[in-house]
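Descriptive structure summary
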Amino acid sequence: MDLTIVHLRYFLAVAEELHFTRAAQRLHISAPSLSQQIQQLERRTGVTLFRRTSRQVELTADGAALVRLARDAVAAMDTVIAWADSSGTASVLRIGIAASSEMSNRLLATAVERHPDTTWQIHGLPLTDALTALRSGEVDVSLMIADQPPVEPAGVVVRPLWSEDRVLVVNEGHRLSGRDAVTLAETDDETFIGMRGGGESQSWFVDPRPSGRHLEILPLATHFDEVLQLCSAGVGVNICGSSATVTHARPGLRYVPIIDLAPVTTYLCHLRAKPNALVDAFAAIAEQIAADTRS
């Protein structure tokens, strides 16, 4: 059973608020994303935790039993995190990444070279939620990719790093797979692989299109590897950064440049009120690499 402390934090927020929208606001994620995470938790535990109606949310008997266990688990994790933060001997940096790229790989390699005594941990993040793990203490810094400048959340520093053009991800047998480039309008009739519970797909895929037409978006994936597997199988197409042509090259997939779509930017995020010398060092390396690419 693959459960994480984030699942339990989400569960406790809903259990305490008994309202998905209020709990989502408290966690700084979308309500559909929170609902999807609770459904994952219910599938993995094999029990129903909440009774949901159009008017109210209630804990089931199993849900009520889990509250105490979840609080104990979260408290234990918080104790471990506090111990690690206060330890003068630990030299660990936990980095959250939703999708790796040439630049993020270069950043990590440079950081490892310059700080050989540091333990570097990589945590995979959902594509539509790069901040919850940061706020909960699961990671110290996160790299998020966005198609437009994000609103800087309270208590979080968001630093723009580098940008890259976007490409269409298609199966090798797709009608557009042999093209040198496409326009956005040429993808209007495609079915897109979106994120489970994520309204962010609308912005990423430009939905509605300039013509006013709405796309067919299937909310099937949570992580980027799932997106690529579904595209490779011919279930739909996707749009991603051009660095994927190198870092995620694989049989059965083709990446076709989109000539009239704005680039996407990678942002480095960390907590404002939690000084960390390793985070500062990592951020300095990231900004140096970003500056080198612009010069």
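A brief report on the enclosed structure follows. (Residues numbered from 1 in each chain as written. Predicted model: local features only at pLDDT ≥ 70, side-chain atom pairs only at ≥ 80, totals over all residues. Heavy atoms only, no water.)

1. Examining the overall build of the chain
Of the regular secondary structure elements, the chain holds ten helices and twelve strands. With respect to the three principal axes, the spread of C-alpha positions in the chain is 55 × 50 × 35 Å. Taking all 295 residues of the chain together, 47% fall into the buried category. Long-range contacts, defined here as pairs at least 24 residues apart, represent 73% of the contacts in the chain between residues at least 6 apart. For the chain, the computed accessible surface area is about 14400 Å², with 53% contributed by carbon and sulfur atoms. Averaged over its 26 positive side-chain charges, the chain has a centre that lies 5 Å from the centre of its 34 negative ones. (Helix = DSSP H or I, 4+ residues; strand = E, 2+ residues; numbered from the N terminus. Buried < 20%, exposed > 50% of the residue type's maximum accessible area, 1.4 Å probe, protein only. Contact = heavy atoms within 4.5 Å. Areas by Shrake-Rupley, 256 points an atom, 1.4 Å probe, with all protein chains shown as cover. Lys, Arg positive; Asp, Glu negative; His and termini not counted. Charge placed at Lys NZ, Arg CZ, Asp CG, Glu CD.)

2. Details of the pattern of salt bridges
Counted by the stated rule, this structure contains 14 salt bridges. Close ionic contact of glutamate 17 with arginine 22 constitutes a salt bridge, the shortest N to O distance being 3.6 Å. The class for arginine 22 is partly exposed, based on a relative accessible area of 40%. The salt bridge involving arginine 94 is made with aspartate 140; its shortest N-O contact spans 2.7 Å. In this pair, arginine 94 sits in strand S3 (residues 92-97) while aspartate 140 sits in the loop between helix H6 (132-135) and strand S5 (141-146), placing the two residues 46 residues apart along the sequence. The burial state of arginine 94 is the same as that of aspartate 140; both residues are buried. (Salt bridge = Lys/Arg side-chain N within 4 Å of Asp/Glu carboxyl O.)

3. Looking at the sheet that holds strand S7 (residues 166-171)
Taken together, three strands build an open sheet; the order of strands is S10-S7-S11 and the sheet is antiparallel. Edge positions in the sheet fall to strand S10 (238-241) and strand S11 (253-257), since each has one partner strand and no second. Within this sheet the neighbouring strands show an average axis-to-axis angle of 40°, counted without direction. Bridging between S7 and S11 involves five bridges; their strand directions are antiparallel. Each bridged residue has a counterpart across the sheet, and for leucine 168 the counterpart in S11 is valine 256. Set on the sheet, helix H8 (residues 224-232) makes contact with S7, S10 and S11; between it and S7 the angle comes to about 50°. (Pairing = 2+ DSSP bridges. Axes fitted to C-alpha atoms, helices over the stretch in contact; angles between N-to-C directions.)

4. Quick word on the nonpolar core
Ranked by internal contacts, the top residues of the largest apolar core, which has 24 residues, are Tyr10, Phe11, Val14, Leu34, Ile38 and Phe50. Of all the secondary-structure elements, those providing two or more residues to this core are helix H1 (5-17), helix H2 (20-27), helix H3 (31-45) and helix H4 (61-86). For this core, the element with the most residues is H1, which contributes nine residues. The next biggest cluster of nonpolar side chains, apart from the first, holds 21 residues, and it includes Ile97, Met103, Val141 and Ala286. (Core = buried A, V, L, I, M, F, W, Y, C linked by side-chain atoms within 4.5 Å.)

5. A short note on the packing of aromatic side chains
Each aromatic ring pair is characterised by the separation of its centres together with the angle its planes make. For the structure on display, the rule yields four aromatic pairs. Between the aromatic rings of phenylalanine 20 and phenylalanine 50, the centroid separation amounts to 6.2 Å while the plane-to-plane angle is 70°, which identifies the pairing as edge-to-face. Here phenylalanine 20 is found in helix H2, whereas its partner phenylalanine 50 is found in strand S1 (residues 50-52), with 30 residues between them in sequence. Note on accessibility: phenylalanine 20 and phenylalanine 50 belong to one class, buried. An angle of 35° between the planes, with centres 4.8 Å apart, marks the rings of phenylalanine 192 and phenylalanine 205 as tilted. A residue pair is termed long-range when its members are at least 10 positions apart, and phenylalanine 192 in strand S8 (residues 191-195) and phenylalanine 205 in helix H7 (residues 201-205) qualify at 13 residues. One aromatic cluster is present, formed by Phe11, Phe20 and Phe50 through successive ring pairs. (Phe/Tyr/Trp six-rings, centres within 6.5 Å; stacked < 30°, edge-to-face > 60°.)

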